[in-house]
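# Secondary and tertiary structure notes
Residue strings, one per chain:
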Amino acid sequence: MPDHVSSIPLPAELLPSDGRFGSGPSKVRTEAVRRLADAAPAYLGTSHRRDGVRSVVGRVRRGLSDLFGLPDGYEVLLGNGGTTAFWDAAIFSLIDQRSEHLAFGEFSSKFADAARAAPHLDDPVVIESEPGTHPQPVVDDSVDLYALTQNETSTGVTMPVRRPDGATGALMAVDATSAAGGIPVDPTQFDVYYFAPQKCFGGDGGLWLACCSPAAVERISTIKGSGRWSPPSLDLTIALENSRLDQTYNTPALATLFLLADQVEWMLGNGGLEWTAARCEQSAAQLYGWAEASDYAAPFVADPLMRSPVTATVDLAESISADSISAALRENGIVDTESYRKLGRNQLRIAMFPNIEPDDVARLTAAIDYIVERLPD
Ligand SMILES: *Cc1c(COP(=O)(O)O)cnc(C)c1O
């Protein structure tokens, strides 16, 4: 133990049943890992072009379609490289000339920066707002893709997924990496809803998934037809062909696919998105309720409508070090409550994804109070 933090052992009744509160990679259900271990001898280490693995990809694609209630004609695409690789694929296969980005944190800004750096695209329109808030899209006739982020994981801000009035002909592309599976969404309001499995889906990283409308599929093929060059691994026409065959262009992580299929079926079996969203809301009510009532903590996001139900950010009074609290929690096996570094605030960030038990969130807040009372001055 480092000697600058004194150990504060938590009493057993304040210990959550599971100590993982990280915003990604996030808590993976132990039952899913057990099922993977059981399936492993006939599954791990087998060809991703054979039925064993392709049936798992098929379960993922059908399961996601059910979970989001995708209308006829929408397709689920997948590929390797996580959300960050999907941004690059979007730059080659989805943005025709010019995109508009709402940039209000680390992740939403990264996609905007990548689009700005692309030599084959016009400079994007980038609308920013202060951390802890989100901007509104502004309709612009020169824009052919609007890039929204449903949950900005770095700041704990959520925003509605809604087509702006008058944005006809443009695609709505939504980064739902930390929102998908935990926050409701109306699929008629997006053309591309993309994410990775290591947040609400409580799986492992390295994969991207994208629910695409017929307009998005058409855009992918129109851009290809225009003769634009794309690296094959980022070419969404290739991803589309492979996804339709329940496979990926190159070798995927088979464990990641298995955990995702298991998770999607767990969500559906319990009532789908309505159930997961209610569970996240319940955790969020606990956590923000505690922060508002506390005399040393407060929600970072001032507007309750913008407060994320899946990743909460809580500011602490200056006299109380968030780092010391996170360190004391970590000694008790409660991990990853540290704030997003680049935000640079005296803050805790706590994930409330569907896998996290609302009762565990209640225990966590009681544990924080217990530690604060005992922190040395
Ligand atoms: C985690 C996250 C990403 C990055 O995902 P990778 O799979 O690591 O590339 C992008 N956007 C949001 C909103 C995220 O939460």
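Bear in mind the structure is a predicted one, so any value in this text is a computation, not a measurement. (Residues numbered from 1 in each chain as written. Predicted model: local features only at pLDDT ≥ 70, side-chain atom pairs only at ≥ 80, totals over all residues. Heavy atoms only, no water.)

## Comments concerning the domain arrangement of the protein
Under the domain assignment, the protein is made up of domain 1 (3-28 + 272-374) and domain 2 (31-269). Relative to domain 2, the C-alpha centre of domain 1 lies at a distance of 28 Å. Across the boundary between the two partners, domain 1 contributes 30 residues, which contact 32 residues of domain 2. Surface buried jointly by domain 1 and domain 2 totals about 2,400 Å² across both partners, of which 64% is contributed by carbon and sulfur atoms. When the area that domain 1 buries against domain 2 is broken down by residue, the three leading residues are Val 28, Leu 273 and Met 306, summing to 26%. Counting across the interface, domain 1 meets domain 2 through one salt bridge. As a salt-bridge pair, Glu 106 and Lys 342 come within 3.0 Å of each other at their nearest N and O atoms. Summed over the shared surface of domain 1 and domain 2, the number is twelve residue pairs in polar contact (both at pLDDT 80 or more). Every element with two or more residues in the side of domain 1 that touches domain 2 is listed here: α8 (272-293) and β11 (311-316). Tallying contributions element by element places α8 first for the side of domain 1 that touches domain 2, with seven residues. Tallied by class, the residues present in the side of domain 1 that touches domain 2 amount to 16 nonpolar, nine polar and five charged. (Domains from an automatic or database assignment. Contact = heavy atoms within 4.5 Å. Buried area = accessible area lost by both parts, 1.4 Å probe. Salt bridge = Lys/Arg side-chain N within 4 Å of Asp/Glu carboxyl O. Polar contact = N/O pair within 3.5 Å; in protein donor to acceptor, adjacent residues only side chain to side chain. Helix = DSSP H or I, 4+ residues; strand = E, 2+ residues; numbered from the N terminus. Nonpolar A, V, L, I, M, F, W, Y, C, P; charged D, E, K, R; others polar.)

## Quick notes on the nonpolar core
One finds Phe 68, Tyr 193, Phe 201 and Ile 368 to be the most contacted residues of the largest nonpolar core, which totals 90 residues. Among the elements that line this core, the one with the most residues is helix α7 (residues 254-269), at nine residues. Residue assignment places this core across two domains, with domain 1 (3-28 + 272-374) and domain 2 (31-269) each supplying three or more. What Tyr 193 contacts, discounting residues up to four positions off in sequence, is Phe 68, Gln 150, Val 174, Ala 176, Ala 179, Ala 180, Ile 183, Val 185, Leu 209, Ala 210 and Cys 211. Core analysis: the next-biggest nonpolar cluster, separate from the first, contains 30 residues, Ile 95, Val 192, Tyr 194 and Ala 210 among them. (Core = buried A, V, L, I, M, F, W, Y, C linked by side-chain atoms within 4.5 Å. Buried < 20%, exposed > 50% of the residue type's maximum accessible area, 1.4 Å probe, protein only.)

## Concerning the environment of Ala 85
With respect to the helices and strands, Ala 85 occurs in helix α3 (residues 82-93). For the pair formed by Ala 85 and Pro 41, sequence separation is 44 residues and the distance between their alpha carbons is 31 Å. Excluding its chain neighbours within four sequence positions, the residues that come into contact with Ala 85 are Asn 80, Trp 208 and Leu 234.

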